[in-house]
Amino acid sequence: MQLIRKFYYGDIPEETGGAAKPASTSSSSDWPLWEVFIRSKQGLEHKHVGSLHAADANMAIENARDVYTRRSEGISIWVVESKHIKTSNPEASAELYEPAQDKIYRHPTFYDLPDEIKHM
Amino acid sequence: MENLTFETHFQDKIDQEIKIEPRDWMPEAYRKTNIRQISQHAHSEIVGMLPEGNWISRAPSLKRKAILLAKVQDEAGHGLYLYAAAETLGLSREQMIEDLHSGRAKYSSIFNYPTLTWADMGAIGWLVDGAAIMNQVMLTRTSYGPYARAMVRICKEESFHQRQGFEILLVLSKGSEAQKAMCQDAINRWWWPALMMFGPRDTESTNSDMSMKWKIKRKSNDELRQQFVDMIAQQVTLLGMTLPDTELRWNEQRGHYDFGQINWEEFWQVVKGNGPCNKERLAARKKAWDEGRWVREAATAYAAKQKQKQKAA
Amino acid sequence: MTNSSLVDFTLYLADSTLVLGQRNGEWCGHGPVLEQDIAITNITLDLIGQARSFYQYAAKLIGNDCTEDRLAYWRNEREFKNGLLCERPNGDWAQTIARQTFFSFYQRELFTQLLNGSDSTLAAIAEKSLKEVRYHCRWSSEWICRLGDGTDESHQRLLNALDNLWPYTGELFIAAQYEKDLKIDTAGMSISWMTALSDLFAEATLPPPSLTSTFMHTGGKTGQHTESLGYLLAEMQYVQRSYPGCEW
């Protein structure tokens with residue numbers, strides 16, 4: 001079944017239905033993927049901003065500088081090869097994250113205090 | 001049965017405006033549609049560097065040269081963000097690039113039109129980027145998380161592109177007679193192709209539109225196109241120029257501008273590869289990629305040697 | 001110090017950075033990989049930015065409503081003072097990297113001198129530009145290592161590039177009259193330039209450079225160029241010249 005017959009900008013169907021195969025094995029000219037984390041200013045944490053390809057760590061940092069800080073978005077960069085990142089399984093999210101939901105006493109708003117106390 | 005539950009759960013998330021992330025379960029067709037759309041979008045950015053890149057060496061002032069370089073460079077960046085978003089769906093960038101070069105994957109047809117004068121830099125910024133932005137703003141709310149995030153970043157950066165385009169035309173429109181003529185000529189040539197960027201009319205689409213159901217897309221072709229015409233019809237008066245459409249007029253009843261027939265035959269010819277520059281564009285991309293192979297290989301080899309040295313040390 | 005020497009020297013700085021920027025700009029959209037396309041365009045933007053600062057200063061020294069564009073777009077082949085190295089065609093990535101390395105290493109020495117020189121405007125431009133140049137040195141050095149110590153093919157291509165471009169490096173260290181007037185110590189620069197390159201080449205498994213062994217081309221600093229500059233300028237300048245007196 002052809003699902004999409006509409007043609008949007010950037011959505012022209014390919015005869016073969018797109019190239020949805022698993023990632024092909026990388027050849028010697030295909031550089032590994034890196035994840036980029038940027039500290040936008042002193043005092044803030046490094047935050048994930050995206051990814052890019054680079055042959056080595058130095059190049060990854062420089063590429064990150066050129067790609068992700070063109071408009072002065074950062075003052076410090078971390079890079080890590082994507083393959084080293086371990087992700088929690090989304091199918092386990094119920095057992096991982098839902099047990100925290102009923103522990104509302106961990107939040108300050110759980111406690112009723114007299115109005116006279118302005119800051120606590 | 002199993003799949004049906006997954007699918008219901010998936011659609012629930014979409015309906016509740018919860019983003020889909022790379023490792024979440026998704027229907028195969030959703031994955032394919034996203035890969036196709038995101039990679040086409042990425043290819044469009046990369047091929048889109050070429051028509052404007054033409055004029056970097058000929059920009060008429062140093063200021064314009066710097067602006068144009070920065071703009072074309074942004075497009076490379078946008079292609080990069082989008083390739084990375086598509087890669088989260090399990091396709092390597094190299095594979096996507098090979099699909100582009102083999103003709104399997106497409107890119108926006110607009111970039112198969114030639115850039116003939118400096119005014120084309122203005123017209124592309126104003127009309128082509130203007131049309132793209134309408135689509136892209138919509139896509140910041142698309143359901144696939146990495147795509148939406150890439151679009152947010154892109155839209156933020158993209159805002160200077162349309163402005164610089166309009167400014168180029170504004171300066172020309174206030175210039176000499178020759179400059180004014182150059183300005184009008186560029187508008188005449190880019191107007192209809194820009195309208196085609198939104199795709200065929202909604203009535204020509206008979207299928208149920210999964211793309212809308214899955215909130216990959218959120219507005220129809222005609223909606224976006226109308227929005228664009230309404231905006232540009234206003235702005236063109238500020239330039240003291242006209243749009244090449246004798247049927248263009250304000251319709252009080254609809255609250256929109258009416259406009260003339262798009263030449264769909266031309267649109268399909270360009271999609272099929274018969275546009276003015278299809279062959280040149282692909283050839284340029286292939287050449288860059290093929291001639292870059294030894295460079296990429298050298299960097300890989302060097303990185304491997306360095307790793308080896310570190311281990312030995 | 002005469003004003004005309006200062007103007008000439010400033011134009012030499014401006015022309016060199018503009019012409020190299022123009023060359024590097026040809027890579028935009030055609031780089032070997034997307035990330036490096038972006039990287040070299042960043043360097044191009046730095047070079048064009050430096051050129052503009054120098055042209056603006058030269059225009060101010062000249063006076064009479066002179067502008068940066070007047071100087072960039074309305075001077076001919078024989079008036080351009082850029083080093084010959086800057087106008088050499090891009091060739092392959094190895095040629096481009098070799099050219100950038102030679103030039104960035106040279107700029108680092110030159111700008112360090114200007115920083116301590118007597119002209120405060122040039123010193124200010126040099127100070128700002130040095131940050132960029134240090135990055136260009138780092139970026140191109142890393143590429144010299146990757147190509148030199150990468151594959152057999154990249155090693156060979158880089159050797160060809162170095163051979164090809166080497167004869168255009170000598171004139172950078174031969175003082176033109178305007179440099180002599182301004183007491184630019186080209187000989188001193190040549191020594192530190194050579195030392196830095198030798199270290200880099202050793203790291204990149206390349207044979208050491210030698211400034212004395214080869215014939216050197218000269219003439220760029222005084223407006224006598226290779227054939228390729230004329231084409232470069234014709235393309236760069238044509239819009240301005242086809243529509244004289246227009247704003248863009």
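Note that the structure is a prediction, hence the values are computed from the model and not measured.

1. Side note on the overall build of chain C
- Of regular secondary structure, chain C possesses 10 helices and zero strands.
- For chain C, the N- to C-terminal ordering of α and β elements is α-α-α-α-α-α-α-α-α-α.
- Each of the three principal axes of chain C carries a C-alpha extent, and together these read 55 × 40 × 30 Å.
- Counting over 248 residues, chain C shows a buried share of 63%.
- Of all intrachain contacts in chain C linking residues separated by at least 6 positions in sequence, the fraction that spans at least 24 positions is 80%.
- Approximately 9,400 Å² of chain C is accessible, and the part contributed by carbon and sulfur atoms is 50%.
- Looking at charge distribution, chain C has the averaged site of its 20 positive side-chain charges lying 4 Å from that of its 31 negative ones.

2. Comments concerning the overall build of chain A
- When helices and strands are tallied, chain A shows two helices and three strands.
- Sequence-ordered secondary structure for chain A, helices as α and strands as β, is β-β-α-β-α.
- Per-residue burial over chain A gives 38% buried out of 120 residues.
- Sequence separation of at least 24 residues holds for 41% of the intrachain contacts in chain A that already meet a minimum separation of 6.
- Surface exposure of chain A reaches about 7,900 Å², of which carbon and sulfur atoms provide 55%.

3. Here's the deal with the confidence of the model for chain A
Residues and elements named next belong to chain A.
- Averaged over every residue, the pLDDT of chain A is 79; residues scoring 70 or more account for 77%.
- Here helix α2 (residues 93-97) is the element of chain A with the lowest mean pLDDT, 86, and strand β3 (residues 76-81) is the one with the highest, 96.
- Across residues 1-25 the pLDDT falls below 50, and counting only partners more than four positions away or on other chains, this stretch makes 87 contacts in the model.

4. Looking at the packing of aromatic side chains
- Counting across every chain of the model gives 34 aromatic pairs over all chains.
- Taking 5.9 Å as the distance between ring centres and 15° as the angle between the ring planes, the aromatic pair formed by tryptophan 191 of chain B and phenylalanine 228 of chain B counts as stacked. Here the residue tryptophan 191 of chain B occupies a position in helix α8 (residues 177-196), and phenylalanine 228 of chain B occupies one in helix α10 (residues 221-239), the gap between them amounting to 37 residues.
- The class for tryptophan 191 of chain B is buried, based on a relative accessible area of 0%.
- Judged by its relative accessible area of 0%, phenylalanine 228 of chain B is buried.
- Measuring from ring centre to ring centre gives 5.8 Å for tryptophan 166 of chain C and tryptophan 193 of chain C, while their planes differ by 25°; the resulting arrangement is stacked. With tryptophan 166 of chain C in the loop between α7 (152-165) and α8 (177-181) and tryptophan 193 of chain C in helix α9 (residues 186-203), the pair connects residues that are 27 residues apart, well separated along the chain.
- According to the relative accessible area criterion, tryptophan 193 of chain C is buried, its value standing at 0%.

5. Observations regarding the nonpolar core
- If you look at the biggest cluster of nonpolar residues, it comprises 196 residues, and the most contacted ones within it are Leu52 of chain A, Phe228 of chain B together with Phe9, Tyr55, Trp93 and Trp143 of chain C.
- The greatest single-element share of this core, amounting to 13 residues, is contributed by helix α2 (residues 34-62) of chain C.
- In contact with tryptophan 93 of chain C, other than residues within four places in its own chain, are Trp294 and Val295 of chain B together with Trp27, Pro32, Gln36, Ile40, Trp139, Trp143 and Leu147 of chain C.

6. Thoughts on the sheet that holds strand β2 (residues 46-53) of chain A
Residues and elements named next belong to chain A.
- One open sheet accounts for three strands, arranged β2-β1-β3; its pairing is antiparallel. Edge positions in the open sheet fall to β2 and β3, since each of these has one partner strand only. Each strand axis lies, on average, 25° off the axis of its neighbour in the sheet, ignoring direction.
- Its contacts with the sheet put helix α1 (residues 57-68) on β1 (33-39), β2 and β3, and the angle it makes with β2 is roughly 105°.

7. Quick notes on the pairing of β2 of chain A
Residues and elements named next belong to chain A.
- Where β1 lies against β2, seven bridges are found, and the strand directions are antiparallel. Its bridge partner being in β2, valine 36 is matched across the sheet by glycine 50.
- In sequence, β1 turns back onto β2 through a hairpin of six residues, with glycine 43 there showing a positive phi of about 105°.

8. Some points on α1 of chain A
Residues and elements named next belong to chain A.
- The end-to-end C-alpha separation of α1 is 16 Å, in line with the 16 Å expected for 12 residues at 1.5 Å each.
- For α1, the complete set of buried residues consists of Met59, Ala60, Glu62, Asn63, Ala64, Asp66, Val67 and Tyr68.
- Two or three places before asparagine 58, at the start of α1, stands the capping residue aspartate 56, its side-chain oxygen 3.2 Å from that residue's backbone nitrogen.

9. Here we look at the side chain of glutamine 95 of chain C
- With respect to the helices and strands, glutamine 95 of chain C occurs in helix α5 (residues 93-115).
- When residues no more than four places from it in sequence are discounted, the contact partners of glutamine 95 of chain C are Asn90, Ala161, Asn164 and Leu165 of chain C.

10. Focus on the interface of chain C and chain B
- Contacts between the two partners involve 46 residues from chain C and, on the opposite side, 48 residues from chain B.
- For the pair chain C and chain B, the summed buried surface comes to about 3,900 Å²; carbon and sulfur atoms form 68% of the total.
- Summed over the three residues of chain C that lose the most area to chain B, namely Leu34, Asp149 and Trp248 of chain C, the buried surface amounts to 18% of that side.
- Inspection of the region where chain C meets chain B yields three salt bridges.
- Between the two partners, chain C and chain B, sit 16 residue pairs in polar contact (both at pLDDT 80 or more).
- Within the residue set of the side of chain C that touches chain B, elements represented by two or more residues are α1 (3-25), α2, α3 (68-73), α5, α6 (120-148), α7 and α10 (228-242) of chain C.
- The biggest single contributor to the side of chain C that touches chain B is α2 of chain C, with 11 residues.

11. Description of a nonpolar patch on the surface
- Taken together, Ile104, Tyr105, Phe110, Tyr111, Leu113, Ile117 and Met120 of chain A make up a surface patch of nonpolar side chains, about 760 Å² in accessible area.
- Within the secondary structure, isoleucine 117 of chain A is located in the segment after α2.

12. A few points about the state of the cysteines
- Under the definition given, this model contains zero disulfides over all chains.
- Cysteine 246 of chain C provides the cysteine sulfur closest to cysteine 66 of chain C, a residue in no disulfide bond, and the two sulfurs are 18 Å apart.

13. Re α8 of chain B
- Taking 1.5 Å of rise per residue, the 20 residues of α8 of chain B would be expected to cover 28 Å, and the 30 Å separating its terminal C-alpha atoms lies within 8% of that figure.
- At tryptophan 190 of chain B, α8 of chain B shows its maximal bend, which comes to roughly 30°, and the proline proline 193 of chain B appears one to four places after that position.

14. A word on the pattern of salt bridges
- Across all of its chains, the model carries 35 salt bridges over all chains by this definition.
- Lysine 221 of chain C is paired through a salt bridge with glutamate 179 of chain C; the nearest N and O atoms lie 2.9 Å apart. Taken as a pair, lysine 221 of chain C in the loop between α9 and α10 and glutamate 179 of chain C in helix α8 lie far apart in primary sequence, 42 residues in all.
- Residue classification places glutamate 179 of chain C among the buried residues on the basis of a relative accessible area of 0%.
- Taken together, the shared-partner salt bridges in this structure form one network comprising Arg70 and Arg71 of chain A together with Asp74 and Glu157 of chain B.

15. Quick notes on unusual backbone geometry
Residue and element names in this part refer to chain C.
- The backbone phi angle of aspartate 65 is positive, close to 60°, even though this residue is not glycine.
- Relative to the elements of secondary structure, aspartate 65 occurs in the loop between α2 and α3.
- Judged by relative accessible area, which is 75%, aspartate 65 ranks as exposed.
- Residues other than glycine seldom take positive phi values, yet threonine 205 does so here, at roughly 55°.
- Along the chain, the position of threonine 205 falls in the loop between α9 and α10.
- Residue class for threonine 205 comes out partly exposed when judged on its relative accessible area of 40%.

16. Quick notes on the side chain of asparagine 112 of chain B
- With respect to the secondary-structure elements, asparagine 112 of chain B resides in the loop between α5 (93-102) and α6 (119-139).
- Look past the residues within four positions of asparagine 112 of chain B in its chain and what remains in contact with it is Tyr107, Val270, Gly275, Pro276, Cys277, Asn278 and Arg281 of chain B.

About the cut-offs
- Each chain has its residues counted from 1, following the order in which its sequence is written.
- Working convention: letters from A go to chains and numbers from 1 go to ligands, in the order in which they are written.
- Side-chain atom pairs in this predicted model are given and counted only at pLDDT of 80 or more, local residue features only at pLDDT of at least 70, and totals for whole chains, interfaces and linings cover all residues.
- Hydrogens are left out, water is left out, and the side-chain values use all remaining heavy atoms of the structure.
- Put simply, DSSP marks the helices as runs of H or I at least four residues long and the strands as runs of E at least two long, and each gets a number from the N terminus on.
- Type-normalised accessible area, obtained with a 1.4 Å probe on protein chains alone, sets the label of each residue: buried when under 20%, exposed when over 50%, and partly exposed for intermediate values.
- Only heavy atoms matter for contacts: two residues are in contact if any of them lie within 4.5 Å across the pair.
- The accessible surface values rely on the Shrake-Rupley method and a 1.4 Å probe; as for residues, cover is taken only from the protein chains in view.
- Neither His nor the chain ends is counted toward charge; the positive residues are Lys and Arg and the negative residues Asp and Glu.
- Positions of charges follow a simple convention, taking NZ of Lys, CZ of Arg, CG of Asp or CD of Glu.
- Note: pLDDT gives the predictor's confidence per residue, expressed from 0 to 100.
- Each Phe, Tyr or Trp ring (for Trp, its six-membered ring) is paired with any other whose centre lies within 6.5 Å, and the angle between the two planes then decides the class: stacked below 30 degrees, edge-to-face above 60, tilted in between.
- Joining through side-chain atoms within 4.5 Å is the link that ties buried Ala, Val, Leu, Ile, Met, Phe, Trp, Tyr and Cys residues into a set, and such a set is a nonpolar core.
- Strands are treated as partners if at least two bridges between them are detected by DSSP.
- Fitted lines through C-alpha atoms serve as axes, helices being fitted only where they are in contact, and the angles separating the N-to-C directions of these axes extend from 0 to 180 degrees.
- Every helix has an expected span of 1.5 Å times one less than the residues it contains.
- Polar contacts here mean pairs of N or O atoms no more than 3.5 Å apart (in protein, one a potential hydrogen donor and the other a potential acceptor; neighbouring residues in sequence count only if both atoms are side-chain atoms).
- Summed over both partners, the accessible area (1.4 Å probe) lost when two parts come together is defined as the buried area.
- In the sections that follow, a salt bridge refers to a side-chain nitrogen of Lys or Arg positioned within 4 Å of a carboxyl oxygen of Asp or Glu.
- A patch consists of residues whose relative accessible area exceeds 30% and which take part in no salt bridge; residues with like charges are grouped when within 9 Å of each other, and nonpolar side chains (Val, Leu, Ile, Met, Phe, Trp, Tyr) when within 5 Å.
- When two cysteine sulfur atoms lie within 2.5 Å, the pair is treated as a disulfide.
- A residue's bend is simply the angle between two axes: one fitted to the seven residues ending at it, one to the seven starting at it.

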